[in-house]
Amino acid sequence: MTLPSAHTPREDSVPATRPAFWKKYPWWMYPLALTGAGFLVVLVFFIYVAFNLPPLREIEDPQSRLSSQLLSADGEVLDNFFTEENRLPVELHQISPFVIDALVATEDSRFYDHSGVDQYSILAIFKRFVSGTTSGASTVTMQLARNLFDAVGKDRSVFRKLKEMVTAVILERKYTKEEIIRTYLNTVSIYGNTYGIEMAARRLFGHQARDLTLEGSATLVAMLKGQGVYDPVRRKERVMVRRNHVILQMVKHGMLNPDSINIDSVKSIDLVVIPQELDHIRGAAPYFRQAVREYVVNWCQQNPKPDGTTYDLYGDGLRIFTTLDSRMQAHAEAAVRKHMREMQPIFDKHLKGREPYLREPEILTDLMRQSDRYIRGRQAGKTEPEIVQEFEQAIPMRIFSWEGDIDTVISPIDSIRYYSKFLETGMIAIDPENGQVKAWVGGIEYKYFKYDHVAKGKRQVGSTFKPFVYAAALDNGWKPCDQILNQPVFFENPNGGPMWSPKNSDGKIGGKMTLRRGLATSTNMITAYLMKKVGPQTVANYAHRMGITSELDPVPSLCLGTTDLTVMELTGAYCTFVNQGVSNEPVYVSRIEDKHGNVIAEFPVQSHRAMKADRAYTMITLLQGVVDEPGGTAGRLRFRYGLRQPIGAKTGTTQNHSDGWFVGVTPHVVAGVWVGCSDRRMRFRSIEYGQGASLALPIWAYFMKSVYGDKKLDIPNDPFTKPSGYTESYCAPEEKEDGSDDPYRLNSDDLDGFE
């Protein structure tokens, strides 16, 4: 028997061949395992996405920062206040149907068929993911998800796409298709910091979204592709190509019928957008809008919400209703432009070679130190000689002219010389019955002259202060027909110095003059006599009661208007005469609503009786004498400008002709105007042009002719309201030396009457 070798395996010890791994378990278990593993991966993936999604409550109730809207009394939008996003929501019916069709045709042609995620989009996303591209292929709802929620993200990744999908599905379950497309059009960024279709339409085309044409709608939708690439100002041709592609997409998807619309004609229409200025400069009433901004910001700080938080002017979507009438504002701005364009060349010629800074170099130094460039330099630690050296170096600059902006190379110091010679102005119009501001022009051009001469600038008011002296006299027993000797009046100096005695501007003295004629001709000695009789403190008290808010120094010279006042307070005080002695504090904001339309603040007029109604009406008759008396300082309103409405007025000219004033009253509109240079040393050398009747009155005349001629405003041509039982005797106009007593027969001397 042969024994087996140690190297020979035994038959029963040889192991059987092992089956392959895929044969280890029944075949049906492997697909199941793969499915489970895939599900687990997808589950983990979606858990990761879900943890990075916005909260469900935020998805279902998205909150966007909304611009606050500034509205005129006649319903025009004056401005929108915002910080980073200029956004104003509108309803779907307030958007042109062309916009909606263009959006769906271009961005999501199956929008009305899917539930937030388009199956074809999923395939496109997968294809782009494999190829390394993850942008595009988003439905409108997915784009909305990205626009609304920061948590969705802006990065180009498959993770962001998945977050878009999940958020989009939730949005589709919560909202209707109409709500989704409305929200999208209200929140999408279209141009710069302008968000939403409404603000884009206003900024680029100057009208509301409801009025967008086919080509305008296609342009805005075309810009959604990327505002950096499709900028209608810088890349006009590229935008037009994209716009025409949008129009063809509308045809392709049956939203435009080529048989009813000439597509080639629409595609050939030129792309024209309105000039793009800074938001705070563009539009009407920039000085007024800035004043309202400051007022409402202060109101927000002092009036918290019910929950204790502070209202945000730039994000809460407030609606601020003002008293301004956009039509009257347009007339006011046109009147200022017309007269200032006429007067500036005269002033330039009058001043040429005789500029005050040629004799007084410190004028330029003072103006330089007031400039922003100088202030910034000092804050940066620069010495004055270093800054002066910079001011003498020419740099490219855009400067203002009445013929249009000029691009030039000029040194800052020469720029100061240039701008110092511009005549500036402030004008306000107020409804005397309720104190509501109807027009507000704070300067000649907000882009270059930002200081507001209506509410902030204070200047000597000259003879426009005299009516307060007369009002105090009337309330203390004087009558319009009382006669006063036109002779010097002397006031004691309480400090023991020489007595003060004002002179008449025409140098004439002698004879008697009624109060009516004394005010009509703005005779200083008559006013001084009344001041001496009633006393400076009494006059100051009356002025304050009638609406003057500035401090008044009760000295004799107050009667000639040596005090500095704003255009607003002086004009508001004149309203007291028209309003039968009741003083209304000027108001320019009427109410504020929240974004839901709830009234959260109202601003009723603050009123008090300042003088008796019959005395106020008597003052009106005296102010009418300034216009209708022969030789009255405002007589040119009738003779030169042809105004026939009931008008009372007062002109004002300050020392050295630095300031020209005019305040005119009618039964329904009271307006005040100031004209002068920012620096008082820049002025006319003679009273011919430097008086208020030449500098300021024409603006009032142009404005009032336009206002009364505007059929849309339809201001009645009523007489001044006479109080019931009024018995004051009428003081007839005094005859001139030539025997004429017709108030409309004025000669050339009357037109340039001094005061």
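The rules behind these values
Residues numbered from 1 in each chain as written. Predicted model: local features only at pLDDT ≥ 70, side-chain atom pairs only at ≥ 80, totals over all residues. Heavy atoms only, no water. Helix = DSSP H or I, 4+ residues; strand = E, 2+ residues; numbered from the N terminus. Buried < 20%, exposed > 50% of the residue type's maximum accessible area, 1.4 Å probe, protein only. Contact = heavy atoms within 4.5 Å. Areas by Shrake-Rupley, 256 points an atom, 1.4 Å probe, with all protein chains shown as cover. Salt bridge = Lys/Arg side-chain N within 4 Å of Asp/Glu carboxyl O. pLDDT = per-residue confidence, 0-100. Pairing = 2+ DSSP bridges. Axes fitted to C-alpha atoms, helices over the stretch in contact; angles between N-to-C directions. Arc of directions from axis to C-beta. Parallel < 35°, antiparallel > 145°, perpendicular 65-115°, else oblique. Left-handed = near helix turned anticlockwise from the far one by under 90°. Nonpolar A, V, L, I, M, F, W, Y, C, P; charged D, E, K, R; others polar.

**Q** With reference to specific residues and values, describe the overall build of the chain.
**A** Each helix and strand counted, the chain has 29 helices and 21 strands in total. The burial tally for the chain puts 51% of its 755 residues in the buried class. For the chain, restricting intrachain contacts to residue pairs at least 6 apart in sequence, the fraction spanning at least 24 positions comes to 69%. Carbon together with sulfur atoms contributes 51% to the accessible area of the chain, which is approximately 36700 Å² in total.

**Q** Quick rundown of the pattern of salt bridges? Include the residues and the values.
**A** In this structure the tally under the stated criterion is 28 salt bridges. Of the charged contacts, one joins Asp 79 and Arg 289 as a salt bridge, the two residues approaching to 3.1 Å between their closest N and O atoms. One end of the pair, Asp 79, is in strand 2 (residues 77–81); the other, Arg 289, is in helix 12 (residues 286–302), with 210 residues separating them in the sequence. The same class applies to Asp 79 as to Arg 289, namely buried.

**Q** Which residues make up the confidence of the model for the chain, and what values do they have?
**A** Residue-level pLDDT values for the chain average 84, and 83% of them are 70 or greater. Ignoring residues within four places in sequence, the model shows residues 1–11, a span with pLDDT below 50, making one contact including any to other chains. In the model, residues 736–755 has pLDDT below 50 throughout and makes 42 contacts with residues more than four positions away in sequence or in other chains.

**Q** A description of the sheet that holds strand 19 (residues 648–653) should follow, citing residues and the corresponding values.
**A** Strand order in the open sheet formed by five strands is 10-9-21-20-19, with antiparallel pairing between adjacent strands. This sheet does not close on itself; its edge strands, each paired only once, are strand 10 (436–441) and strand 19. When strand polarity is set aside, the average angle formed by the axes of neighbouring strands in this sheet is 10 degrees. Sheet analysis places strand 9 (residues 423–431) next to strand 21 (residues 670–677), joined by eight bridges and oriented antiparallel.

**Q** If you had to explain helix 18 (residues 412–420) to someone new, which residues and values would you point to?
**A** Turn by turn, an α-helix covers 3.6 residues, leaving residues three or four places apart pointing in a common direction. Considered for burial, the residues of helix 18 that qualify are Pro 412, Ile 413, Ser 415, Ile 416, Tyr 419 and Ser 420. Seen along its axis, helix 18 keeps its buried residues to an arc of 155 degrees; they face one direction.

**Q** Before we move on, can you summarise the sheet that holds strand 17 (residues 599–602) with the specific residues and values?
**A** By way of backbone hydrogen bonds, the strands of a sheet pair with one another, either parallel or antiparallel. In space, the five strands of this open sheet follow the order 2-1-6-16-17, with mixed pairing throughout. Of all the strands in the sheet, just strand 2 and strand 17 have a single pairing partner and so form its edges. Within this sheet the neighbouring strands show an average axis-to-axis angle of 15 degrees, counted without direction. On top of the sheet, helix 12 reaches strand 1 (68–71), strand 2, strand 6 (319–322), strand 16 (589–593) and strand 17; it is set at about 50 degrees to strand 2, its chief contact.

**Q** Tell me what's going on with the packing of helix 16 (residues 372–379) against helix 17 (residues 384–391), and back it up with residues and numbers.
**A** Following both chains from N to C, one finds helix 16 and helix 17 inclined at 140 degrees, their axes separated by 10 Å at the closest point. Here helix 16 is positioned oblique relative to helix 17, judged by the angle of their axes. When you trace helix 16 past helix 17, the crossing you get is right-handed. Between helix 16 and helix 17, the contacting residues are Arg 373, Tyr 374, Gly 377 and Arg 378 on the first element and Glu 384, Ile 387 and Phe 391 on the second. When the residues that make up the contact of helix 16 with helix 17 are grouped by side-chain class, the tally is three nonpolar, one polar and three charged.

**Q** Go over the environment of Tyr 314, please, and point to the residues and values.
**A** As for its placement among the helices and strands, Tyr 314 is situated in the loop between helix 12 and strand 6. The exposure class assigned to Tyr 314 is partly exposed, which follows from its relative accessible area of 21%. Sequence separation between Tyr 314 and Asn 80 is 234 residues, and the spatial gap between their C-alpha atoms is 8.6 Å.

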